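Now for the letters of each chain:
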Amino acid sequence: MRVSQLVAASGVPLATIKYYLREGLLMPGISTSATQSTYGDEHVERLALIKALAGAGLPIDRIRTVLRLIEYPEASLFQTLGRAIAELPPYLDDADAEDYPLAKAALEKLGQVYDPRFVAVAQLDRALRAAEEVGIPMTDERLEVYGRHVRGIADYDLSLMPDTVEAAVEYSVIGTAVYEPVITALRRLAHQDIASALERPAT
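Because the structure is a prediction, the values reported are computed rather than measured. (Residues numbered from 1 in each chain as written. Predicted model: local features only at pLDDT ≥ 70, side-chain atom pairs only at ≥ 80, totals over all residues. Heavy atoms only, no water.)

Novice: Before we move on, could you go through the overall build of the chain and cite the residues and values that matter?
Specialist: Regarding its fold elements, the chain presents 9 helices and 2 strands. Helices and strands in the chain line up, N terminus first, as α-α-β-β-α-α-α-α-α-α-α. Counting only C-alpha atoms, the chain reaches 70 × 50 × 30 Å along its principal axes. Looking at the chain as a whole, 25% of its 203 residues qualify as buried. A sequence separation of at least 24 residues applies to 59% of the contacts in the chain between residues at least 6 apart. Approximately 13,300 Å² of the chain is accessible, and the part contributed by carbon and sulfur atoms is 57%. (Helix = DSSP H or I, 4+ residues; strand = E, 2+ residues; numbered from the N terminus. Buried < 20%, exposed > 50% of the residue type's maximum accessible area, 1.4 Å probe, protein only. Contact = heavy atoms within 4.5 Å. Areas by Shrake-Rupley, 256 points an atom, 1.4 Å probe, with all protein chains shown as cover.)

Novice: Which residues make up a nonpolar patch on the surface, and what values go with them?
Specialist: Taken together, the side chains of V178, Y179, V182, L186 and L189 make up a nonpolar region of the molecular surface, amounting to roughly 480 Å² of accessible area. Tracing the sequence through the fold places L189 in helix 9 (residues 165–199). For L189, a relative accessible area of 51% corresponds to the exposed category. (Patch = residues over 30% accessible without salt bridge, like charges linked within 9 Å, V, L, I, M, F, W, Y side chains within 5 Å. Salt bridge = Lys/Arg side-chain N within 4 Å of Asp/Glu carboxyl O.)

Novice: I'd like a description of the pattern of salt bridges, backed by residues and values.
Specialist: Summed over the entire model, instances satisfying the criterion amount to 9 salt bridges. Between K109 and D140 there is a salt bridge; the shortest N-O distance is 2.7 Å. Taken together, the residues span a long stretch of sequence, with K109 in helix 6 (residues 101–110) and D140 in helix 8 (residues 140–159) at a distance of 31 residues. Here R148 ties to E144 by a salt bridge, and the two come within 2.9 Å at their closest N and O atoms. Of this pair, R148 and E144 both sit in helix 8, 4 residues apart, which is roughly one turn of that helix.

Novice: Summarise the packing of helix 5 (residues 77–85) against helix 9; cite the residues concerned and give the values.
Specialist: At a closest axis distance of 10 Å, the pairing of helix 5 and helix 9 adopts a crossing angle of 35°. Between helix 5 and helix 9 the crossing geometry is right-handed. Counting all contacts with helix 5, which are made through L77, T80, L81, A84 and I85, the residues of helix 9 involved are V165, A168, V169, S172, V173 and T176. (Axes fitted to C-alpha atoms, helices over the stretch in contact; angles between N-to-C directions. Left-handed = near helix turned anticlockwise from the far one by under 90°.)

Novice: Just give me the short version of the domain arrangement of the chain, but keep the residues and values in it.
Specialist: You can read the domains of the chain as domain 1 (1–56) and domain 2 (90–157). When each unit is reduced to the centre of its C-alpha atoms, the spacing between domain 1 and domain 2 is 39 Å. (Domains from an automatic or database assignment.)

Novice: Now, about the UniProt feature "domain: HTH merR-type" (unreviewed entry) in the chain: what can you tell me, with residues and values included?
Specialist: This chain's UniProt record puts "domain: HTH merR-type" (unreviewed entry) on residues 1–69. Annotation note: span residues 1–69, helix share 62%, strand share 6%, distance between end C-alpha atoms 27 Å. (UniProt positions renumbered as here; feature names shortened; annotations may be inferred.)

Okay, here's the thing in structure tokens:
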């Protein structure tokens, strides 16, 4: 397809496609003349991936890192997924500044294997600290309930993960970026539904 058709198929403006080509995020098309190239379905798929990552708030340099990990994954899926997911927001400038005792204690109680360098450890510690500061610290009971249900979601997600490392990384990054807001919204709506039921008079 010509670039005009790529614009129509992807929904990405021409100027943005040219920018992605210059930045190396989108692979070049097949040159057919000095000024024209043709593009295929792989370009449409790559643009959809870039659009999803940009929509999740990733800056260009982090999108580039994710794309590189998808194309050239490390030997360990555990490490590759950890590095790729770490490129998703929220970002912590001081992610290596401390030991994260609250997160480590919580993860040990849950019996989870984790990489202490994974940015989610720092994110968890910050969240647990914020909960303590407002007077609703994470209790063992709440941790057990949260951990069990989140584990169930993670088990289901990973049961659908593709077989190849490249596809698994793409699936995990996009799935995390797209579905974490869904989980948050569903939890809030469940609170509303339960609160509504509590307010209804018994019959």
